[in-house]
Each structure stands twice: as structure tokens, then as C-alpha cells.
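Architecture and fold: a report
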Amino acid sequence: ADRLKDKIILITGASAGIGKATALELALAGNGQIKLILTARRKEKLDELLSELQLKYPNIKVLTVSLDVSKLDTIGPFVSGLPQEFADVDVLINNAGLALGRDEIGTILPEDIQGMFQTNVLGLITLTQAIIPIFKKKNSGDIVNLGSIAGRDPYPGGGIYCPTKAAVKSFSHVLRKELISTRIRVLEVDPGNVETEFSNTRFKGDLAKAKAVYANTEPLVAEDISELIVFALTRKQNTVIAEQLVFSSNQASAFHLFRD
Ligand code: 8X3
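Residues numbered from 1 in each chain as written. Predicted model: local features only at pLDDT ≥ 70, side-chain atom pairs only at ≥ 80, totals over all residues.

Regarding the sheet that holds strand 3 (residues 61-66)
Keep this limit in mind: Strand pairing is assigned whenever DSSP identifies at least 2 bridges connecting the two strands. Note on conventions: DSSP H or I runs of at least 4 residues are helices, E runs of at least 2 residues are strands, and numbering of each starts at the N terminus. Axis angles are defined between N-to-C directions and span 0 to 180 degrees, where every axis is a line fitted to C-alpha atoms and, for a helix, only to the segment in contact. Throughout, a residue-residue contact means that the two C-beta atoms, derived from backbone geometry, are no farther apart than 7 Å.
Reading across from one edge, 3-2-1-4-5-6-9 is the order of the seven strands in this open sheet, with parallel pairing throughout. Looking at strand neighbours, the two that pair on one side only are strand 3 and strand 9 (243-246), the edges of this open sheet. Taken over all neighbouring pairs, the strand axes of this sheet differ in orientation by 15° on average, direction set aside. Relative to strand 4 (residues 91-94), strand 1 (residues 8-11) is paired through three bridges, and the arrangement is parallel. Directly across from I9, in strand 4, lies its bridge partner V91. The sheet contacts of helix 6 (residues 161-178) involve strand 5 (141-146) and strand 6 (184-191), and relative to strand 6 the element is tilted by about 160°.

Here we look at the nonpolar core
Threshold: To define a nonpolar core, we join buried Ala, Val, Leu, Ile, Met, Phe, Trp, Tyr and Cys residues through C-beta atoms within 7 Å and take the resulting set. Around each residue's C-beta, the other C-beta atoms within 10 Å are counted; 20 or more make the residue buried, 12 or fewer make it exposed, and counts in between make it partly exposed. All C-beta atoms are placed from the backbone.
Counting residues in hydrophobic clusters, the biggest one holds 62 residues, and the most contacted among them are I9, A23, L36, L38 and I229. Per-element tally for this core: the top contributor is helix 9 (residues 222-233), with seven residues. For I229, the residues in contact, after removing those within four places along its chain, are T22, I93, V144 and V189.

Topic: helix 5 (residues 110-138)
Under the convention used in this document: Under the convention used throughout, the expected extent of a helix is 1.5 Å for every residue step, that is, one less than its residue count. Think of it this way: the bend at a residue is just the angle between two axes, each fitted to seven residues, one set ending at that residue and the other starting at it.
For helix 5, spanning 29 residues, the distance from its first C-alpha to its last is 41 Å, which sits close to the expected 42 Å at 1.5 Å a residue. Its maximal kink placed at Q118, helix 5 deviates by approximately 40°. Residues of helix 5 that are buried: M116, T119, N120, V121, G123, L124, T126, L127, I131 and F135. Buried-residue contacts for helix 5 involve helix 3 (75-80), strand 4, strand 5, helix 6 and strand 6. Residue N139 follows helix 5 closely and has a positive phi angle near 55°.

A word on the confidence of the model for the protein chain
Condition: The pLDDT value tells you how sure the predictor is about a given residue, anywhere from 0 up to 100.
Of the residues in the protein chain, 100% have a pLDDT of 70 or more, and the chain-wide mean is 97. Across the interface, the model reports ipTM at 0.86; the global pTM reads 0.97.

Right, here's the structure in full:
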């Protein structure tokens, strides 16, 4: 808990799923003695989360900002415009990301290709670039990147999503190597199936298709992943949990999924 004390923690995609669960888990682990910058497209969801956090932790400092990381030219102004109290970011959690469709290559919609790369890759890279100078200046800071089993074990129907997550992994590797002489940590978490809004988004609101992904598998939930993010962040400074590949007990690869 002491290791989180007074940290300024920026989370993207904090309105739901793993991002939201991570905000709550960090507040719990830090006993409310942290500053959270919560960003997502849906500001009203962030403000609901802000109320929930303030009710539980009267002293917590929370800033909610409507940010769509796919709108690359809004990222620089967002970082340089952070109020002084929140400007000296200590932790960046690159959580925002999405899958759109499971169409085979040759039939993928151009807007889906663009949508996934824009958020999962270009948004993540652009925000990281904007934060890195802050970390380098003080020679400390943590970056958590949300990868996926999809980035290691590409599957049919993942023609774009899988490459975006492979790009996240490659980017994390380069960054870790470039930062080897610093105290800045790069911590990647690679989940398998986690039941969140992920599949609702992928199947564009087709709830039956979304539910079928997790049917009879006892999937992980967002809190299972946020616990691991907080675990990695709260190890001692010299410990880098570079990558965590996480499955439910019914999953062993992108393909091996036991349904009972
Ligand atoms: C989410 C996991 O297997 O649907 O990143 O790609 S999967």
C-alpha cells in the first residue's frame, strides 16, 4: 500500500471492464491515498465511478477526462493541459482497446481495421510518447500495457485484432530495452478470455454472440486482471514483472477452451 502512496495514476478505458476494476483495486490497495486520472470516451460513466470512489475513500483525488485515444491529436493537449496537481504522472495504464468483428481477411471492413489500429496501437503509442518525457525527467514511472493472448497466439477471425496486440507486445519490448538504464518499468499483462463488454463491442451489440464466447467456460472477470496489474505495480522498485499471461482454468491457448 505504501508503494502506491500519493502516486498519480492515469488509466485509459477506465469507464468499464478491466480499466474500471483497476481504478477500484488501486484505490483499495492504496487505501484511497492516490490520485487517479480516469479517461474514457464516456465521461458520464467515469463520473459514476468517481462518485463511487469518493464515497468509499473521502480523501481520494480523482480527475475524470473524456478522452478518445484514437483521436491522436487530442492526446498531446490532454497531457500538457493536466492540472498541476495531476501533471506529474507516475503510472500510465494503457488499457483502452477493442476488437471489432471476427471477419476473415478479405472481408474485413476498412473502418474496423482503422478502428482497431487507431485505438489499440496508434493511441497507445501516442499517449506513451507524451508521458515518457515526464518519466525520464524524474527517472521513475511505470507503464502497464494491456496485451492479450491474441498477441502471442493469433487465431482465425483475428486478422486485425491479433496484429494490434502483437504490436503492443513488440512496442513494450522495445520500450523496456530502451529504458534499461532507467528506473522506469514496463509491465505487460496478457489476458485470455475475460468476460467484460469486450465481446459485446466485438460483435457490435449482438449479445447472443457475445455470450456464446464465454458459455460454459467460467471465464475470468475484470477483477482477476486488475488484481494482477496492482500486484505488478506494488512489487519493489527493482522487480519488473515484464509479462503476465493469464487464463481461466478452462483455457490453455487461444484455441484450447474447455466447455462443460
Ligand atoms: C481478448 C482475448 O482471445 O478474445 O484479448 O482475443 S481474445
